[in-house]
Amino acid sequence: GGGGAAAMADGEVLVSVDYEVHGKVQGVFFRKYTQGEAKRLGLVGWVQNTSHGTVQGQIQGPTARVRELQEWLKKIGSPQSRISRAEFSNEKKIQALEHKEFQILK
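Description of the structure in this document. (Residues numbered from 1 in each chain as written. Predicted model: local features only at pLDDT ≥ 70, side-chain atom pairs only at ≥ 80, totals over all residues. Heavy atoms only, no water.)

In this section: the pattern of salt bridges. Under the criterion given, the structure shown has five salt bridges. Residue E91 is joined to R67 by a salt bridge in which the shortest nitrogen-to-oxygen separation is 2.8 Å. Residue E91 is found in strand 4 (residues 82–94), and its partner R67 is found in helix 2 (residues 63–75); the two are separated by 24 residues along the sequence. A single salt-bridge network, built from bridges that share partners, covers E71, K74 and K75. (Salt bridge = Lys/Arg side-chain N within 4 Å of Asp/Glu carboxyl O. Helix = DSSP H or I, 4+ residues; strand = E, 2+ residues; numbered from the N terminus.)

Another aspect to go through is the packing of helix 1 (residues 30–41) against helix 2. Contact pair helix 1 / helix 2: the axes reach a minimum separation of 10 Å and the direction vectors enclose 155 degrees. If you check the angle between helix 1 and helix 2, you find them roughly antiparallel. In this structure, helix 1 meets helix 2 at a crossing whose hand is right-handed. Counted together, F30, Y33, T34, E37, A38 and L41 of helix 1 and R65, E68, L69, W72 and L73 of helix 2 form the full contact between these two elements. Split into classes, the residues belonging to the contact of helix 1 with helix 2 amount to seven nonpolar, one polar and three charged. (Axes fitted to C-alpha atoms, helices over the stretch in contact; angles between N-to-C directions. Parallel < 35°, antiparallel > 145°, perpendicular 65-115°, else oblique. Left-handed = near helix turned anticlockwise from the far one by under 90°. Contact = heavy atoms within 4.5 Å. Nonpolar A, V, L, I, M, F, W, Y, C, P; charged D, E, K, R; others polar.)

Moving on, we get to the pairing of strand 2 (residues 44–49). Bridge analysis of strand 2 against strand 3 (residues 55–62) gives six bridges, and the strand direction is antiparallel. Each residue of the ladder has a partner; that of N49, found in strand 3, is V55. Following strand 2, the chain reverses through five residues before pairing antiparallel with strand 3; G53 in that reversal takes a positive phi of roughly 85 degrees. Bridge analysis of strand 2 against strand 5 (residues 102–104) gives three bridges, and the strand direction is parallel. Bridge pairing links V47 to I104 in strand 5. (Pairing = 2+ DSSP bridges.)

This is the structure:
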């Protein structure tokens, strides 16, 4: 890898999707691993813990990469996490990324 931020290919559709992950996902570095995976895939957005024990956020980027992170959120997560389910909502095509990076929100 390496080489900084890759230029978006012409005609590559950008999407934005919200997510919420249920299970044992707090106190297991889930946010840190999600951020790392998103950065590896070149995605932007955010992730935060909720008051009811889930992790939620938003992902934006090329559709294929977003799908990869969705699969990761459903099946893999951080090493100590136990994901029961991941829900995705508000998926839409966007003209441009609305975030500069992938942030962990407190």
